[in-house]
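Report on the structure
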Amino acid sequence: MPIYSMTGYASAQTELPRETVDTAPTGPALRLGLEIRSVNSRFLDLTFKMPEELRPHEAAVRELITQHLKRGKVEVRANLESTASTEFAAPTPALLQRLSALQDTVHAWLPKANPLSVADVLRLTTAQQSAPADIGPSLLKLAKTTLKQLSEGREREGARLAQTLRDRLGQLRVLAQQAAPLVPQLVEQQRLKFLERWRDAMALAEGTTLPEAAQDRALTEATAFAIRIDVAEELTRLVSHFDEMDDLLAKGGKAEGVGKRLDFLIQELHREANTLGSKSATMEMTRISVDMKVLIEQLREQVQNLE
């Protein structure tokens, strides 16, 4: 199954069938437009911006989107406009009479209310003349088309992000392989240093310390040092997390919440890389730890965009 990014954009338009428009047969048709934008977010956050004529259908569109999207900050914009060359149609006398009566009623209760302007009258009468009768099915059909385009775009972006994640994981594996042989080499070097130190101490003490006891003491010190700098467990856990992340990227699928699971694994990677740095006894191991943390931070930035 594909992996989906939370970032995407899609838009679509459709001309409403004549029977859905509450105008005369010779009147202008309406064009319905829909835009959906999405960015990353921890949860699904929907925002709708649409004219009042479409508000009754917001719940149906919201339910449709929640069936397709699991995470992301999603903004839905809908618009309804006339396809006629002129924007305003002449209001009928009946509409003007009705507006005048409504204005008188309002002024009776609110004497300080502003009177209607010509622009107000044209806006209200045009909205009245072009109000859709049953736009719900057309809006849902357009929403499905737009969601399909959005999903395709998010899938393409998700594939690109997944490849970037695989590249970073490959670099992390190389660093882990470089770190693995450093510890045994360092322990052996330290053991030889301890033995040399005890030989010098015996020479200064003119043989008062037995060679066997000195060697045992040196080996004990070397063992304690080896335990203190041992990062075998950290490297094992790192490789285990790499394998699990590769497995998640291979399986894909937005239903399993791959983005959240990868984000958790990255937290674990960061913890192991920090421990690797704290146990470091050489500049080379410190460099590996720092390089790992840089790559892990890059992974975190990319994973935050996955659904």
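To keep things clear, this report deals only with the structure shown in the data block.

1. Topic: the packing of helix α1 (residues 58-68) against helix α4 (residues 136-179)
- Contact pair α1 / α4: the axes reach a minimum separation of 10 Å and the direction vectors enclose 25°. By the angle between their axes, α1 is roughly parallel relative to α4. Classified by chirality, the crossing of α4 by α1 is right-handed. Of α4, the residues touching α1 (which contributes A60, V61, L64, I65 and H68) are L139, L140, A143, K144 and L147.
- Class assignment for the residues of the contact of α1 with α4 results in 8 nonpolar, 1 polar and 1 charged.

2. Regarding the environment of T236
- Looking at the element boundaries, T236 is found in helix α7 (residues 232-251).
- C-alpha separation for the pair T236 and A180, spaced 56 residues apart in sequence, amounts to 9.6 Å.

3. Some words on the environment of S240
- The topology assignment puts S240 in helix α7.
- Judged by its relative accessible area of 40%, S240 falls in the partly exposed class.
- Taking C-alpha positions, S240 is 9.9 Å from L269, a pair spaced 29 residues apart along the chain.

4. Some remarks on the environment of R55
- Within the secondary structure, R55 is located in the loop between β3 (44-49) and α1.
- For R55, a relative accessible area of 31% corresponds to the partly exposed category.
- Through-space distance from the C-alpha of R55 to that of A78 is 9.8 Å; in sequence the pair is 23 residues apart.
- The contacts of R55, once residues within four sequence positions are left out, are F48, K49 and M50.

5. Notes on the packing of helix α8 (residues 258-278) against helix α9 (residues 283-303)
- In the contact formed by α8 and α9, the axes pass within 9 Å of each other and the chain directions differ by 165°. One way to sum up the angle between α8 and α9 is to call them roughly antiparallel. Judged by the sense of rotation from one axis to the other, the crossing of α8 with α9 is left-handed. Contacts between α8 and α9 involve G259, L262, D263, I266, Q267, L269, H270, A273, N274, L276 and G277 on the former and, on the latter, M285, I288, S289, M292, K293, I296, L299, R300 and V303.
- Grouping the amino acids of the contact of α8 with α9 by side-chain chemistry returns 11 nonpolar, 6 polar and 3 charged.

6. With respect to the nonpolar core
- Ranked by size, the top nonpolar core spans 33 residues in total, and within it L172, M245, L262, M292 and L299 carry the most contacts.
- Those elements that place two or more of their residues in this core are α4, α5 (182-204), α7, α8 and α9.
- Per-element accounting of this core gives the leading share, 8 residues, to α4.
- Those residues in contact with L299 that lie beyond four places of it in its chain are L165, R168, L169, L172, M245, I266 and L269.
- Formed by 24 residues, the second largest nonpolar core is a distinct cluster that contains L32, V76, A78 and A143.

What counts and what doesn't
Residues numbered from 1 in each chain as written. Predicted model: local features only at pLDDT ≥ 70, side-chain atom pairs only at ≥ 80, totals over all residues. Heavy atoms only, no water. Axes fitted to C-alpha atoms, helices over the stretch in contact; angles between N-to-C directions. Helix = DSSP H or I, 4+ residues; strand = E, 2+ residues; numbered from the N terminus. Parallel < 35°, antiparallel > 145°, perpendicular 65-115°, else oblique. Left-handed = near helix turned anticlockwise from the far one by under 90°. Contact = heavy atoms within 4.5 Å. Nonpolar A, V, L, I, M, F, W, Y, C, P; charged D, E, K, R; others polar. Buried < 20%, exposed > 50% of the residue type's maximum accessible area, 1.4 Å probe, protein only. Core = buried A, V, L, I, M, F, W, Y, C linked by side-chain atoms within 4.5 Å.

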